[in-house]
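Structural description and commentary
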Amino acid sequence: MTASGHIEPSSKSLLSIDRLSVNFHTFEGKVSVLDEISLAIASGESVGIVGETGCGKSVLAKSVLGLLPSRTARYAGGGILWKGENLLRAPQRRLRRIRGAEIGMVFQDPMTFLDPLYTAGSYLLEAIVHRDEVNGRTSASHDRRGEAIALLGRLGLADPERIFDSYPGQLSGGMRQRILIAAAIVGRPRLLIADEPTTALDVTVQAQILHMISDLLTGDEMSLMLISHDLGVIASMCQRIVVMYAGTIVESGSKAAVLANPVHPYTRGLINAVPRLGYPQRTIKGIPGQIPNLLKPPQGCRFAARCALADSRCRTEAPTLERRGVSHEVACFHAEHADA
Ligand SMILES: Nc1ncnc2c1ncn2[C@@H]1O[C@H](COP(=O)(O)OP(=O)(O)O)[C@@H](O)[C@H]1O
Ligand SMILES: [Mg+2]
């Protein structure tokens, strides 16, 4: 650990984000969207990032591959190491090579990424060609087609040949998302970053897609950075949970530690908001209030205004992550309340 309580990224980490701060420069002023975020993902590990809408999850995901709008976004500090290489200093050309070939990405809304005039198959072919270029290989076009169709079959799509030749408008939302996941993983990336991949889909399709991603993880030894506002989704998929609030990490640890012994009042609120199977009559308690305006971030703990435990220290001093157990860190001055 460093003096500030952060766990040092271990050398076996594939991805390690180290005290990353990101601001947006808007007409109204500087918005502090990420404040000293540190997290590491090891090879084969699945890490979930959870928090309400607006907490900075998508900005974090996009910052990894340099996808933030360069006109307004500023990296204000820290680094992002991919297998030891600082991606914040990498040229766009290098980032384009890493995208798809080493790190795959999937976002919430497939329609934003699928052009209605291109067939599903053309996306897969483009991803295969990119992979081959990066690896200095060439392949025959009928082999590429065969590989794409085989992959669609493996992802549980019946009639993959027809799907290959279909346009996005002819496919359901779930099928479109499967196409994008297929395009993201065809290069056999070491890490898949999935940002709310099932949020736009109904629950049955959501379960199928999550199941499909789990299968890919075990089959391909891929690491996963899964982002969701839904703690239920994160808990079903991830070994480790990182809880974000208003651009900061408030708690992180193994799934068992965070779910069985949540310490931060925000984490406890999120857990209370997940409906339990078999208890449909249980009323779900939301967390009153809303995320602070990050144009003027609060001086102390960013959660203080919504926290029943907040006192004057919380309003003036920002807590840093402190270790609670082997695999558990919390940023709260009232962490001892959890033992009571
Ligand atoms: N391009 C942008 N310009 C200005 N502010 C932005 C931009 N993109 C995101 N933000 C702000 O950053 C914060 C975090 O957004 P986001 O990462 O999308 O949240 P999440 O994915 O957790 O819902 C929000 O306050 C949002 O308004
Ligand atoms: Mg988002």
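Reading the values: the criteria
Residues numbered from 1 in each chain as written. Chains lettered and ligands numbered in written order. Predicted model: local features only at pLDDT ≥ 70, side-chain atom pairs only at ≥ 80, totals over all residues. Heavy atoms only, no water. Pairing = 2+ DSSP bridges. Helix = DSSP H or I, 4+ residues; strand = E, 2+ residues; numbered from the N terminus. Axes fitted to C-alpha atoms, helices over the stretch in contact; angles between N-to-C directions. Salt bridge = Lys/Arg side-chain N within 4 Å of Asp/Glu carboxyl O. Buried < 20%, exposed > 50% of the residue type's maximum accessible area, 1.4 Å probe, protein only. 1 Å grid on protein atoms, 1.4 Å probe; cavity = no way out; pocket = protein on both sides within 12 Å on 5 of 7 lines; lining within 4 Å. Points joined across faces, edges and corners; volume = space filled by probe spheres on them. Nonpolar A, V, L, I, M, F, W, Y, C, P; charged D, E, K, R; others polar. Phe/Tyr/Trp six-rings, centres within 6.5 Å; stacked < 30°, edge-to-face > 60°. Lys NZ or Arg CZ within 6 Å of the ring centre and 35° of its normal. Contact = heavy atoms within 4.5 Å. Polar contact = N/O pair within 3.5 Å; in protein donor to acceptor, adjacent residues only side chain to side chain.

Turning next to the pairing of strand β11 (residues 322–325). Where β11 meets strand β12 (residues 328–330), three bridges bridge the pair, whose relative direction is antiparallel. Its bridge partner lying in β12, glycine 325 is registered against histidine 328. Connecting β11 to the antiparallel partner β12 that follows it, the hairpin turn spans two residues.

Now for the sheet that holds strand β7 (residues 191–195). Here eight strands make up an open sheet; going across it, the order is β6-β7-β8-β3-β9-β10-β12-β11 and the pairing mixed. Every interior strand has two partners, whereas the edge strands, β6 (103–106) and β11, have only one. Within this sheet the neighbouring strands show an average axis-to-axis angle of 20°, counted without direction. When strand β10 (residues 248–254) meets β12, the two strands line up antiparallel, connected through three bridges.

Okay, the pattern of salt bridges next. In the structure shown here, the tally under the stated rule is 13 salt bridges. When the shortest N-O distance is used, the salt bridge between arginine 19 and aspartate 18 registers 3.2 Å. Residue class for aspartate 18 comes out partly exposed when judged on its relative accessible area of 25%. Two residues, glutamate 161 and arginine 145, come together in a salt bridge whose shortest N-O distance is 3.5 Å. Linking glutamate 161 in helix α6 (residues 160–164) with arginine 145 in helix α5 (residues 141–154), this pair joins segments that are 16 residues apart in sequence.

This part takes up the layout of surface pockets. What the largest pocket holds in volume is close to 640 Å³. Arg99, Gly100, Met105, Glu126 and Ala183 are the residues nearest the centre of the largest pocket, which is lined by 22 residues in total. Looking at the lining of the largest pocket, the elements that each hand over two or more residues are α2 (92–101), β6, α4 (120–134) and α7 (173–185). No other element matches the five residues that α4 contributes to the lining of the largest pocket. For the lining of the largest pocket, a count of residues per class yields 14 nonpolar, four polar and four charged.

This model, assessed by the stated rule, comprises four aromatic pairs. Summarising the aromatic geometry, the rings of tyrosine 118 and tyrosine 123 are spaced 6.4 Å apart at their centres and angled 70° between planes, so their arrangement reads as edge-to-face. With relative accessibility at 15%, the residue tyrosine 123 sits in the buried group. When the centroid spacing of 5.0 Å and the interplanar angle of 85° are considered together, the rings of tyrosine 245 and phenylalanine 303 count as edge-to-face. Separated by 58 residues along the polypeptide, tyrosine 245 in strand β9 (residues 240–245) and phenylalanine 303 in the loop between α11 (265–272) and α12 (312–316) bring together distant segments of the chain. Residue tyrosine 245 shares its accessibility class with phenylalanine 303, and that shared class is buried. Grouping aromatic residues by their ring pairs yields a cluster made of Tyr245, Tyr266 and Phe303. In this structure, arginine 313 packs its charged tip against the face of phenylalanine 333, placed 3.8 Å from the ring centre.

By the element assignment, arginine 74 lies in strand β4 (residues 73–82). For the pair arginine 74 and threonine 112, spaced 38 residues apart in sequence, the C-alpha to C-alpha distance is 24 Å. Setting aside anything within four residues of it in sequence, one finds arginine 74 in contact with Ser21, Val22, Asn23 and His25. In this structure the side chain of arginine 74 is engaged in a polar contact, spanning 3.2 Å, whose partner is the backbone oxygen of serine 70.

This part is about the sheet that holds strand β2 (residues 29–42). Judged by pairing direction, the sheet is antiparallel, and its four strands sit side by side in the order β2-β1-β4-β5 without closing on themselves. Each edge of the open sheet carries a strand with a single partner, namely β2 and β5 (85–86). Sheet analysis places strand β1 (residues 13–26) next to β2, joined by 10 bridges and oriented antiparallel. Paired with leucine 20 across the two strands is isoleucine 37, which belongs to β2. With respect to the sheet, helix α1 (residues 57–64) is in contact with β1, β2 and β4, its orientation differing from that of β1 by roughly 115°.

Keep in mind these values describe shape, not function.
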